[in-house]
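A structural walkthrough
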Amino acid sequence: MEHRRAVSTAPPAALFFSFICLLLPSAIYSHNITQILERFPEFSTFNHYLTVTQLAPEINHRETITVCAVDNAGMSDVLAKHLTLGAIKNVLSLHVLLDYFDAKKLHEITDGTALAATMFQATGSATGSAGFVNITDLKGGKVGFSPQGGDVAATFVKSLEGIPYNISVIQISSILPSADAEAPAPAPTEMNITARMSAHGCKVFAETLIGNPAQQTFEDNLQSGVTIFCPSDDAMKAFLPKFKNLTADGKQSLLEFHGIPVYQSLSGLKSSNGLTNTLATDGASKFDFTVQNDGTDVTIITRIVTAKIINTLVNEQPVAIYELNKVLQPIELFRSALPPAPAPSPEADADAESPKSSRKHKSPPAPTESSDSPADAPDGDVADQTVDSKNAATFMVPKIGAVALSLTLGLILSI
């Protein structure tokens with residue numbers, strides 16, 4: 001009898017622990033390398049370049065990694081070489097190991113040495129095995145690091161942060177030298193952005209850009225970094241009637257509205273949601289939009305339209321070009337074109353019933369673009385309402401979890 005009672009008790013207990021596991025948010029295992037290093041001012045330079053090279057978001061999206069950080073004095077050796085931003089990213093990528101190494105594991109390396117792949121190797125930019133790092137257990141309790149085929153160039157100093165088997169952040173004494181990583185990337189100024197867009201489904205946008213002052217704006221930012229969002233050919237063709245009705249300044253602003261003055265990888269966009277300035281931003285003329293995740297997709301939201309990234313055309317730091325399913329319409333250009341909403345009246349109903357009467361008293365309609373038309377977006381902003389609804393859903397999840405947990409506990413106590 002006791003045996004039967006023990007057996008009957010096990011399923012509710014298992015059910016209870018299953019519910020606990022389900023209710024624990026997956027974010028508990030996440031990490032943010034920038035926030036980790038912010039606690040250590042002596043690594044501010046290393047942290048800064050993880051951000052500007054867009055390496056930080058890539059680290060945050062990986063699991064089971066080790067970041068070998070170098071303090072500000074050690075970073076000065078790299079900066080003295082005046083490397084390009086792309087080369088600096090490669091150098092730092094060599095310091096991100098695709099395995100978990102904390103202090104304990106470093107001192108317990110099998111056979112005294114280990115070969116670790118790095119993010120530099122994973123990018124495909126490394127020649128041969130140049131993206132691997134040798135880790136060696138040295139005499140006197142020291143642990144050495146060296147590029148594949150090279151001499152020991154740095155030693156383990158201390159552990160900064162560790163989330164077991166997720167991320168380990170350690171300090172090493174100096175930057176690992178690598179001629180392969182320091183090699184300059186191809187000059188971005190040689191890239192013909194209109195040709196690249198034309199060859200990958202954005203020919204209409206590219207042809208619209210050619211000859212417009214906005215083309216020069218894009219090209220002026222190729223060296224420092226630029227991200228371009230080009231509408232697909234179908235979207236741009238449908239929008240052309242509206243575009244042709246804009247002033248010369250309006251046309252330039254709309255085209256520049258499709259670019260931001262910084263390189264952003266797709267993972268970078270996913271991890272840096274929020275309001276973003278564009279190449280058209282100029283003081284009081286905001287011309288900004290919101291980057292927001294929608295499940296696995298990345299959307300660009302203006303107060304007029306919500307567009308989605310549907311393809312990556314170019315991702316060659318410091319230049320990224322993404323294809324959109326819609327044309328981005330800034331409210332600065334299109335809100336003034338919105339007719340005032342008439343109050344409901346019997347006359348309006350009569351006009352709706354009489355097409356001839358309606359045409360007689362209305363002014364010629366402005367060019368429209370199906371669902372992208374400004375008239376489709378109320379002043380309350382559908383995009384803003386979407387954000388609010390998602391926030392509401394976020395707050396509902398803990399409540400549902402609490403109810404489920406209460407029911408489970410009640411079931412256990414009743415047995």
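This text gives an overview of the structure that appears in the document. Source: prediction; values computed, not measured. (Residues numbered from 1 in each chain as written. Predicted model: local features only at pLDDT ≥ 70, side-chain atom pairs only at ≥ 80, totals over all residues. Heavy atoms only, no water.)

1. Comments concerning the state of the cysteines
Here the structure, examined in full by the defined rule, presents one disulfide. Between the sulfur of cysteine 202 and that of cysteine 230 lies a disulfide, 2.4 Å long from S to S. Its S-S torsion of approximately 65° makes the covalent link between cysteine 202 and cysteine 230 right-handed. Taken together, the residues cysteine 202 in the loop between helix H10 (193-198) and helix H11 (203-209) and cysteine 230 in strand S8 (residues 226-231) connect sequence positions 28 residues apart. (Disulfide = S-S within 2.5 Å. Helix = DSSP H or I, 4+ residues; strand = E, 2+ residues; numbered from the N terminus.)

2. Quick word on the nonpolar core
By size, the foremost hydrophobic cluster in this structure holds 48 residues, and its most contacted members are Ile193, Met197, Phe229, Leu254, Phe289, Ile321 and Leu328. If one sorts the elements of this core by residue count, strand S14 (residues 319-324) sits on top with five residues. Ignoring any residue separated from it by four or fewer positions in sequence, one finds isoleucine 321 in contact with Ile193, Met197, Ile228, Cys230, Thr312, Leu313 and Val314. Formed by 46 residues, the second largest nonpolar core is a distinct cluster that contains Tyr49, Phe101, Ala154 and Leu176. (Core = buried A, V, L, I, M, F, W, Y, C linked by side-chain atoms within 4.5 Å. Buried < 20%, exposed > 50% of the residue type's maximum accessible area, 1.4 Å probe, protein only. Contact = heavy atoms within 4.5 Å.)

3. Digging into the sheet that holds strand S6 (residues 154-163)
One open sheet accounts for seven strands, arranged S2-S1-S7-S6-S5-S4-S3; its pairing is mixed. Each edge of the open sheet carries a strand with a single partner, namely strand S2 (96-97) and strand S3 (113-117). Note that S3 and strand S4 (residues 132-137) share five bridges and pair antiparallel. The residue of S4 that forms the bridge with alanine 116 is valine 133. (Pairing = 2+ DSSP bridges.)

4. What about the packing of aromatic side chains?
One pass over the structure, following the stated rule, counts seven aromatic pairs. Geometrically, the ring pair formed by phenylalanine 257 and phenylalanine 289 is edge-to-face, given 5.5 Å between the ring centres and 80° between the ring planes. Note that phenylalanine 257 is positioned in the loop between helix H14 (248-256) and strand S9 (259-260) and phenylalanine 289 in strand S11 (residues 289-294), a separation of 32 residues in sequence. The class of phenylalanine 257 is buried, set by a relative accessible area of 0%. Put simply, the rings of Phe229, Phe257, Phe287, Phe289 and Tyr322 touch in pairs and so form one group of aromatic residues. Directly above the ring of phenylalanine 101 sits lysine 105, whose terminal nitrogen or CZ lies 4.6 Å from the centroid. A cation over an aromatic ring shows up here: lysine 242 above the ring of phenylalanine 334, its NZ or CZ 5.9 Å from the ring centre. (Phe/Tyr/Trp six-rings, centres within 6.5 Å; stacked < 30°, edge-to-face > 60°. Lys NZ or Arg CZ within 6 Å of the ring centre and 35° of its normal.)

5. Focus on the environment of methionine 119
Along the chain, methionine 119 falls in helix H8 (residues 119-122). As a C-alpha pair, methionine 119 and histidine 95 span 24 residues in sequence and 7.9 Å in three-dimensional space. Filtering out sequence-adjacent residues up to four positions away, methionine 119 remains in contact with Leu55, Glu58, Ile59, Arg62, Ser93, Val96 and Leu98.

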